[in-house]
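Chain by chain, the residues:
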Amino acid sequence: MAGVVLEILSTKKLLILSSFLSLLLVVFFLVGGLIAPAPNNVSDSIAVKCYDKDEMWQLGQMEPMVPRGSEKRKCKSVPDFHDDIIVREHISSNMIVFSQMFPLPRIEDLDMSRWFQNLIAVIQVDVAYSDKYRYPEEKHPKMELEASLYCRDKEDGENGWKLLASSTEHRTLDCTIEDSERIEGYLYHCDIIPFFELGSVHYDYYLVNIRLPVRPNSDVNKLGQVEDIHIVTIHQNGGFTKVWLSIKTIMFPTVLLVLIWFWRRIILQGRNTNLMERTLFSLGIILTIMNCPIEWLTLFINMPFMMLLNDIRDGAFYAMLLSFWLIFVGEHTMDQLERNKLSAYWKEMAIVIAACVALFIFDMCERGTQLTNPFYSIWSSESGAAAGLGFIIVAAVAACLYFIFLCYLIFKVFRNISSKRSTLISMSSRRRQYYSGIIYRFKFLMVVTLLCAAMTVIFFIIGQVSEGQWQWGDEGISLEHTSAFLTGVYGMWNIYVIAMLCLYAPSHKNYSDEPAATNGDDNNSREEEVQLTQMPSEASSMAAFVAKTAAD
């Protein structure tokens, strides 16, 4: 029977392969740290206060208020609410429209780039303290926004604005002020609140109009004296996108070719596949799907579902990777009766799948709804924000518990192997040397797996927290995904799966080519070799060694 490459490959070739993969991992980190810019770009602006005498306009049916451009197209604006024009023109609150156009004005005429991939916006309201208003009598006042989002391309001209989305949304403000600052005109310290999220940046220009309607006998928008609205936009840096897509474009065919080579080696064995091989092959398929650089299509086609699709691909990879580690470690822990059966891992895998399904449902509720209404946010309500924060906390805790459990399983494997090493004494010297080498190689691979799991858990937790901080408004959290960490962890996943596919592929060599027993070997040693070479269902001699000694 043929063994796996990990056990048959010479030490020299194994060192060359390990050195090459390690060097490749360093390259991934250096590409992110030296070539790629920061992953995201954040822009902060103050909306222009336009006014219109028509208080009865219908949402989505009015002409867009454009804050800049030609004098004919630009809206009438007021610098602040203390200006004389407010009284002179009899401008009420319902006539004010907060307007902003993206990209923000620069020295040269810029436009939004499709390399940005996505656009997320949050807002922060400047509320001035005044004794005349109810706020701060209400701890969390309700704010109603009538928001419209427009878009156009360069060739459309200044009058070519098209309505992309409009909606009436409700948000809850959370503002505080020190007792010493309770002076007329002083601003409250208000948390940011979610505004809109676009899964693609397909157009050259975007325009946002916000109105805060004040209706009689209504409890909404009794906020006090609203001075300004800050609009903060976050989008993926175009330079980082180019580096990221270049990496995916290179790794997609690389992993695919290794996967084909791995499966061809298995088919040539002319036997049924074992659980390890099936799981590893499935992991390679999921990674290949995640590597597929379909983001290139967004440069030509409007694909607003890309953020949701990427979340689904990432979630599937997380689920498959975590399941693979459970099976990979478990197959070297259990006895012969329970090995090579997927049913033996149903409890552990059920927990992993349940956690991933919960995150999938939460993501569908958030970004799935945003496909039709980009202003929707599950964080806009107290119950939704509590559920969202609860999901993130549960996911982070589950990731930590999973890592601890994996450490425990690897510890059991090491203890199991150490307790069975006494069996090596009864083997021939060459056979003992052969299995000792396998044990050292296997332990090193287990340590690499543990390091990879630790980096994956850290990556997952930081990703969840940094994404959520813009939603729940905690500006005190200062977490940043550096390009080096992003490209490094992504490269680590690819290198790890490639290494596992290469090392656990069936070798073209046979066990008969291994160091043979000498004439002085006793009958027990010969019987042991025969038993080990007649175990076609095992993933490796390491697993066979553990199972055989456990059975003894």
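Residues numbered from 1 in each chain as written. Predicted model: local features only at pLDDT ≥ 70, side-chain atom pairs only at ≥ 80, totals over all residues. Heavy atoms only, no water.

**Here we look at the overall build of the protein chain**
Put simply, the rule reads: Helix and strand assignments come from DSSP, with helices taken as H or I runs of at least 4 residues and strands as E runs of at least 2, each series counted from the N terminus. Type-normalised accessible area, obtained with a 1.4 Å probe on protein chains alone, sets the label of each residue: buried when under 20%, exposed when over 50%, and partly exposed for intermediate values. The criterion used for residue contact is that any of the two residues' heavy atoms lie within 4.5 Å. Note on areas: these come from Shrake-Rupley sampling with a 1.4 Å probe, and a residue is covered only by the protein chains present in the view.
When helices and strands are counted, the protein chain shows twelve helices and 13 strands. Taking all 552 residues of the protein chain together, 51% fall into the buried category. The contacts of the protein chain with a sequence gap of at least 6 include a subset with a gap of at least 24, amounting to 82%. In the structure as shown, the protein chain presents an accessible area of about 26100 Å², 60% of it carried by carbon and sulfur atoms.

**So, the sheet that holds strand β2 (residues 40-46)**
So the rule is basically this: In this analysis, strands are considered paired if DSSP registers two or more bridges between them. Angles shown run from 0 to 180 degrees and are taken between the N-to-C directions of axes, each axis being a line fitted to C-alpha atoms and, for helices, limited to the stretch in contact.
If you walk across this open sheet you meet the four strands as β2-β12-β5-β10, and the pairing is antiparallel. Each end of this open sheet is capped by a strand with a single partner; those strands are β2 and β10 (193-198). Sheet twist, expressed as the average angle between the axes of neighbouring strands with direction ignored, equals 20 degrees. Where strand β5 (residues 119-128) and β10 come together, five bridges link them in antiparallel fashion. Looking at β10, one finds that Ile-120 is bridged to Glu-197.

**Considerations on the nonpolar core**
Burial of nonpolar side chains together is a common tendency in soluble globular proteins. Going by this rule: By nonpolar core is meant a set of buried Ala, Val, Leu, Ile, Met, Phe, Trp, Tyr and Cys residues that side-chain atoms within 4.5 Å join together.
Of all hydrophobic cores here, the largest spans 72 residues; its most connected members are Trp-325, Phe-328, Trp-493 and Tyr-504. Considering every element that reaches this core, the biggest residue donor is helix α10 (residues 483-503), with 15 residues. Among the nonpolar cores identified, the runner-up in size contains 44 residues, and Ala-121, Ile-177, Ile-193 and Tyr-206 belong to it.

**Comments concerning helix α2 (residues 11-35)**
Filter applied, for reference: By this rule, a helix spans an expected 1.5 Å times one less than how many residues it contains.
Compared with an ideal rise of 1.5 Å per residue, which puts 25 residues at 36 Å, α2 spans 35 Å between its outermost C-alpha atoms and is within 8% of the ideal. Among the residues making up α2, those that are buried are Leu-14, Leu-21, Phe-28, Val-31 and Gly-32.

**Some words on the environment of Leu-308**
Structurally, Leu-308 can be placed in helix α6 (residues 306-330). Under the relative-accessibility criterion, Leu-308 is labelled buried at 10%. Along the sequence, Leu-308 and Gln-370 sit 62 residues apart, while their C-alpha atoms lie 9.6 Å from each other. Ignoring sequence-local partners within four residues, the contact set of Leu-308 consists of Asp-363, Met-364, Arg-367, Gly-368 and Leu-371.

**Here's the deal with the packing of α2 against α10**
Cut-off, in case you're wondering: Roughly parallel refers to an angle under 35 degrees, roughly antiparallel to one over 145, roughly perpendicular to one between 65 and 115, and oblique to any angle outside these ranges. Crossing handedness is read from the near helix: turned anticlockwise from the far helix by less than a right angle, it gives a left-handed crossing, and turned clockwise, a right-handed one. Charged residues are taken to be Asp, Glu, Lys and Arg, nonpolar residues to be Ala, Val, Leu, Ile, Met, Phe, Trp, Tyr, Cys and Pro, and polar residues to be all remaining types, Gly included.
Contact geometry of α2 with α10 gives a least axis separation of 7 Å together with a crossing angle of 160 degrees. Relative to α10, the element α2 is oriented roughly antiparallel. Regarding α2 and α10, the two cross each other, and that crossing is right-handed. Between α2, through Leu-14, Leu-17, Leu-21, Leu-24, Leu-25, Phe-28, Phe-29, Gly-32 and Gly-33, and α10, the contact on the second element is made entirely by Ser-483, Ala-484, Phe-485, Thr-487, Gly-488, Val-489, Gly-491, Met-492, Ile-495, Ala-499 and Leu-503. Its residues assigned to classes, the contact of α2 with α10 shows 14 nonpolar, six polar and no charged.

**Here's the deal with helix α7 (residues 346-370)**
Going by this rule: Throughout, bend refers to the angle between the axes fitted to the seven residues that end at a position and the seven residues that start at it.
An ideal rise of 1.5 Å per residue puts 36 Å on 25 residues; α7 measures up with 35 Å between its terminal C-alpha atoms. Of all the bends found along α7, the most pronounced is centred on Met-364 and spans about 30 degrees. Inspection of α7 places Met-349, Val-352, Cys-356, Phe-362, Asp-363, Glu-366, Arg-367, Gly-368 and Gln-370 among the buried residues, and these make up the whole buried set.

**Concerning the pattern of salt bridges**
Rules: Whenever Lys or Arg places a side-chain nitrogen within 4 Å of a carboxyl oxygen from Asp or Glu, that contact is recorded as a salt bridge.
Overall, the coordinates contain ten salt bridges when judged by the stated rule. In this structure, Glu-197 and Arg-367 form a salt bridge, with 2.7 Å as the shortest nitrogen-oxygen distance. Taken together, the positions of Glu-197 in strand β10 and Arg-367 in helix α7 put the pair 170 residues apart, joining distant regions of the chain. For Glu-197, a relative accessible area of 5% puts it in the buried group. Among the residues examined, Arg-367 registers a relative accessible area of 8% and is labelled buried.

**Some thoughts on the sheet that holds strand β11 (residues 205-211)**
Taking strand neighbours across the sheet as the criterion, the five strands line up as β3-β4-β11-β6-β7 in an open arrangement whose pairing is antiparallel. Two strands close off the open sheet at either side, each with one partner strand: β3 (48-51) and β7 (162-172). Ignoring which end each strand starts from, the neighbouring axes of this sheet average 25 degrees apart. In this sheet, β11 lies alongside strand β6 (residues 142-152) in antiparallel orientation, the contact comprising seven bridges. Looking across to β11, one finds that Leu-149 is bridged to Val-208.

**Re the packing of aromatic side chains**
Using the following cut-off: Only rings of Phe, Tyr and Trp enter the pairing, Trp through its six-membered ring, and a pair is recorded when the two centres are within 6.5 Å. The plane angle decides the type: under 30 degrees is stacked, over 60 is edge-to-face, the rest tilted. By definition, being over a ring means that NZ of Lys or CZ of Arg is both within 6 Å of the ring centre and within 35 degrees of the ring normal.
Applying the stated rule across the entire model yields 13 aromatic pairs. Ring geometry for Trp-115 versus Trp-296: centroids 5.8 Å apart, planes at 85 degrees, classification edge-to-face. A residue pair is termed long-range when its members are at least 10 positions apart, and Trp-115 in the loop between β4 (96-102) and β5 and Trp-296 in the loop between α5 (275-291) and α6 qualify at 181 residues. Arranged with centres 5.7 Å apart and planes meeting at 85 degrees, the rings of Tyr-318 and Trp-493 form a pair that is edge-to-face. Here Tyr-318, found in helix α6, pairs with Trp-493, found in helix α10; they are 175 residues apart in sequence, far enough to count as distant. An aromatic cluster is present here, built from Phe-195, Phe-196 and Phe-375 joined pairwise through their rings. If you follow Arg-152 out to its NZ or CZ, it ends over the ring of Trp-161, 4.9 Å from the centre. Its end group placed over the ring of Trp-115, Lys-242 keeps NZ or CZ at 5.3 Å from the ring centre.

**A word on the state of the cysteines**
The test is simple: Disulfides are defined as pairs of cysteine sulfur atoms found within 2.5 Å of each other.
Per the counting criterion, the structure on display carries two disulfides. The disulfide partner of Cys-50 is Cys-75, and the gap between their sulfur atoms is 1.9 Å. The sign of the S-S torsion, about -45 degrees, decides the handedness of the disulfide formed by Cys-50 and Cys-75: left-handed. Taken as a pair, Cys-50 in strand β3 and Cys-75 in the loop between β3 and α3 (84-88) lie far apart in primary sequence, 25 residues in all. Accessibility expressed as a relative area gives 13% for Cys-75, which makes it buried.

**Notes on unusual backbone geometry**
For the bond running from Phe-102 to Pro-103, omega is 5 degrees, close enough to zero to count as cis. With respect to the helices and strands, Pro-103 occurs in the loop between β4 and β5. In this structure, Gln-117 takes a positive phi of about 70 degrees despite not being glycine. Assignment of secondary structure puts Gln-117 in the loop between β4 and β5. Its relative accessible area of 10% is what places Gln-117 among the buried residues.

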